[in-house]
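Given next are the chains, with one letter for each unit.
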Amino acid sequence: MLHVTCDLCRKEMCHGHDHRYVVKIEVFAAHDPGKITEADLDEDHMEAVSELLREMEDNLDDPDLAEPIYKQFRYDLCPECHKKFLRDPLGKGAEVRLQQKLVSRLQDSPDTGVCSGGLGITSASRRCPAERTL
Ligand SMILES: [Zn+2]
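Residues numbered from 1 in each chain as written. Predicted model: local features only at pLDDT ≥ 70, side-chain atom pairs only at ≥ 80, totals over all residues.

Here's the deal with the overall build of the chain
So, point 1. For the chain, the count of helices and strands is 5 helices and 4 strands.
So, point 2. Looking at the chain residue by residue over its 134 residues, the buried ones come to 3%.
So, point 3. Taking all contacts inside the chain whose residues are at least 6 apart in sequence as the whole, residues at least 24 apart take part in 62%. (Helix = DSSP H or I, 4+ residues; strand = E, 2+ residues; numbered from the N terminus. Buried ≥ 20, exposed ≤ 12 C-beta atoms within 10 Å, placed from the backbone. Contact = placed C-beta atoms within 7 Å.)

Laid out in structure tokens, this is it:
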């Protein structure tokens, strides 16, 4: 029997036996077709095209600029992860949870916090550097 693994929780699902869900994500640059103006018609298009080609050649060396314009992702999800995904497709909750965790950790242990106590930093050196130079 063919097994499929949930891409989120790694749970194994039997093909054709367990319920599973497929998530497909398409990412592409939004393109707003601009209006054609008089200036566009007067423009030297051959010049513009060759400039564009030159830029594209330059960008081939730069991995950041050579990002694919279109990208597609496909994930298999088990029913539980499918439910979670539908509630929060962009994973915004995870970010908020992480922030809450960090905040509560700082509040729980004020004595062992990063900016005081254990590191032996005195209250004078904790002042803003700009404040001290004044
Ligand atoms: Zn899962």
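On we go from here.
As for the confidence of the model for the chain
One rule of thumb: low pLDDT means the predicted coordinates there are not for detailed reading.
So, point 1. Taken over all residues, the pLDDT of the chain has a mean of 78, while the share at 70 or more is 71%.
So, point 2. The secondary-structure element of the chain with the lowest mean pLDDT is helix 5 (residues 129–133), recorded at 58, while helix 3 (residues 79–87) shows the highest, at 95. (pLDDT = per-residue confidence, 0-100.)

Considering the pairing of strand 3 (residues 21–28)
So, point 1. Judged by how many residues are buried, strand 3 sits mostly at the surface: 0 of 8 residues are covered.
So, point 2. For strand 3 and strand 4 (residues 70–77), the ladder comprises 8 bridges, and the chain directions are antiparallel. Pairing of K24 across the sheet is with R74, part of strand 4. (Pairing = 2+ DSSP bridges.)

Notes on helix 4 (residues 92–108)
So, point 1. Between its terminal C-alpha atoms helix 4 stretches 24 Å, which fits the 24 Å expected from 17 residues at 1.5 Å a residue.
So, point 2. Of all 17 residues in helix 4, 0 are buried, a share of ten percent or less. (Expected span 1.5 Å × (residues − 1).)

With respect to unusual backbone geometry
So, point 1. A positive phi is found at R10, a non-glycine position, where the angle reads about 65 degrees.
So, point 2. Tracing the backbone shows R10 in the loop between strand 1 (3–5) and strand 2 (12–14).
So, point 3. With 9 C-beta atoms counted inside 10 Å, the residue R10 sits in the exposed group.

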